[in-house]
Amino acid sequence: MEISNYEAVESRTSFSAGKLQRRHFLKFTGAFVLTTGVLSCKKDKSLSSKPQINDGSTIDFKDDTGIFNYIYVLEQLEAAFYAKVSAAYPSAFTATQTSFFNDISLHEIAHREFLKNFLVEAGIGNLDFDFSSIDFTNATAVLTAAKTFEDLGVAAYNGVLAIAQQSFTLTILSQIVSVEARHAAWVRGQVITNDFADLNALSALGAVDANGLDAALTPDKVLPQLSKYIKTPLKVINL
Amino acid sequence: MDILNIIDEIGKIDGEIYERLNPRRKAMRNFFDIGKKLSMAALPVALTGMFQKAYGQTTVNTTVVSALNLALALEYLEFNLYNNALTATPTLIPAAAVPIITTIRAHEQAHINLLIATITQLGGVPQAPMPYTAFNYTTISTNVTTNYSTFLRTAMSIEDFGVRAYKGQLANLVSNQSVLAAAAQIHSVEARHSAQLRKMIYDLQIANLINLRPWLSDRATDAGVVDPTNYNDSAIGALSTVYYQDNATLLNAENKVTQAGILLTGINGFTNITANASAQSFDEYLLTATVKTVANALYINKPYQLT
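These numbers come from a predicted model, not from an experiment.

### A few points about the overall build of chain A
Counting its secondary structure elements, chain A contains six helices and two strands. Listed N to C, the secondary structure of chain A is α-β-α-α-α-α-α-β in terms of helices and strands. Looking at chain A as a whole, 60% of its 239 residues are labelled buried. Across chain A, contacts joining residues at least 24 apart in sequence account for 74% of those joining residues at least 6 apart. Surface exposure of chain A reaches about 8,700 Å², of which carbon and sulfur atoms provide 52%.

### Things to note about the overall build of chain B
Across its full length, chain B carries eleven helices and four strands. Of the roughly 11,800 Å² that chain B leaves accessible, carbon and sulfur atoms contribute 58%.

### Comments concerning the environment of Gln177(B)
Here Gln177(B) lies in helix α8 (residues 177–204). What makes Gln177(B) buried here is its relative accessible area of 7%. Of note is the side chain of Gln177(B), whose polar atom sits 2.7 Å from the backbone oxygen of Ala162(A).

### Topic: the nonpolar core
Core analysis: the largest hydrophobic core is formed by 154 residues, its most contacted members being Tyr70(A), Phe81(A) and Phe151(B). Leaving out residues up to four positions away in the same chain, Phe81(A) has contacts with Phe131(A), Ile134(A), Phe136(A), Val142(A), Ala145(A), Ala146(A) and Phe149(A).

### Considerations on unusual backbone geometry
Residues and elements named next belong to chain A. Despite not being glycine, Asn194 shows a phi value in the positive range, around 65°. Within the fold, Asn194 resides in the loop between α5 (167–191) and α6 (219–226). The backbone of Asn238 shows a phi angle near 60°, a positive value even though the residue is not glycine. Structurally, the position occupied by Asn238 is in the segment after β2 (235–237).

Definitions and limits used
Residues numbered from 1 in each chain as written. Chains lettered and ligands numbered in written order. Predicted model: local features only at pLDDT ≥ 70, side-chain atom pairs only at ≥ 80, totals over all residues. Heavy atoms only, no water. Helix = DSSP H or I, 4+ residues; strand = E, 2+ residues; numbered from the N terminus. Buried < 20%, exposed > 50% of the residue type's maximum accessible area, 1.4 Å probe, protein only. Contact = heavy atoms within 4.5 Å. Areas by Shrake-Rupley, 256 points an atom, 1.4 Å probe, with all protein chains shown as cover. Polar contact = N/O pair within 3.5 Å; in protein donor to acceptor, adjacent residues only side chain to side chain. Core = buried A, V, L, I, M, F, W, Y, C linked by side-chain atoms within 4.5 Å.

Rendered as structure tokens:
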């Protein structure tokens with residue numbers, strides 16, 4: 001793939017089949033570094049040339065639309081979580097925590113709405129969430145939940161970044177993941193001092209401290225960890 | 001991971017797989033040799049190299065190697081700043097912050113090691129080691145070795161630069177999925193470093209930086225007034241024209257509010273998504289030529305400059 005300038009100027013019409021590029025064998029050989037089994041064993045699948053219309057709850061990983069819908073789930077979850085936090089901040093929150101949480105909340109809204117407008121009819125619908133396991137009046141509980149969501153977010157983005165079929169997808173994912181990593185680093189430090197990038201602690205999410213590598217998980221590892229928060233049933237196919 | 005299953009799977013397509021992977025062949029020998037030296041985590045990268053060699057890719061992928069070498073130079077830039085502070089000027093960093101800087105240094109060292117191993121495995125020649133003297137860390141201020149806040153601001157600037165540079169190189173790695181995956185994982189670690197350094201600067205509550213965020217943002221005065229025309233939140237004048245870009249005509253200006261043709265400001269009726277929030281929510285890349293120009297102009301001394 002020849003790329004001199006991969007600025008994201010392509011429109012969402014790039015989902016049409018003509019633009020999708022199949023990876024061939026040599027790329028396939030690299031696939032199992034992080035994506036043990038599931039994704040690396042993926043066989044070639046025929047790509048639809050019709051505009052994609054989602055039934056509202058399907059994440060179809062046969063092409064990059066699936067990746068975008070997947071991160072749309074994550075962003076909807078994060079945005080809903082922070083909206084609930086900012087509706088009534090825990091009384092123990094410092095002024096800085098309130099201010100920075102407000103920033104983060106806006107970032108997640110921007111991500112969610114961007115993906116909504118990007119996917120249009122190819123996108124899943126608005127999801128319902130269940131945050132009843134989180135005590136929103138308790139600062140530690142809120143910070144810990146935020147840490148969980150942000151670290152999982154980083155792992156999720158890193159986990160699909162390398163399987164994107166279009167450089168355009170790669171660009172968008174990389175632009176968002178570093179912002180999520182900034183959130184994760186700061187929030188981690190609010191829970192445990194200086195815990196911004198404890199790659200040993202993050203090894204459960206695929207981080208490798210010896211190589212200085214951050215978390216990375218495939219969707220099949222991420223979604224089960226979020227299922228208790230997502231009320232709307234999702235159909236995940238072709239993963 | 002079950003390597004044998006995968007090889008078996010390939011065997012259905014290519015009956016000669018086992019001959020290609022024969023230990024008498026140099027590719028397989030290299031793999032076993034390197035396998036002894038690398039950690040388990042780095043093995044898949046080596047394994048990828050083995051397959052590529054087995055399948056006759058004799059020419060080195062210069063796009064991938066060049067991208068990794070550029071990353072390697074930037075890792076040396078980062079590593080030496082922290083290493084010098086910790087070893088040559090031990091009183092510079094307050095005791096409470098030493099573990100943080102030590103952690104960041106360890107990550108940069110790990111990145112250097114992994115990049116060298118990967119470049120070598122891919123048949124490339126790693127960028128020659130760059131010592132502390134290869135770099136100019138005085139762009140922010142000449143007191144970088146004696147003033148803690150200057151040290152932090154220098155580190156933050158370099159980390160933000162690194163995040164943007166890694167972003168710009170990812171597309172050059174698409175031909176090698178395992179290398180791309182690792183680069184993405186390094187990229188987000190660098191973003192974590194930047195956020196932490198920004199937080200440490202925030203904690204110092206330095207004049208002109210009182211409202212610095214862990215994420216790149218519009219400049220805000222110490223009274224909290226946001227300046228939507230100035231996206232250089234570092235308050236370092238020398239950087240405003242290079243990588244804390246204010247220039248909205250650039251495709252990759254840090255303050256851009258439109259992504260993939262979608263305007264984020266006020267999106268779908270969310271009036272609280274201001275231009276500042278829009279710009280904060282997406283980081284931007286820097287492409288190779290810009291990275292080299294900026295690195296040479298600001299941080300790398302003459303004999304070591306990037307070509």
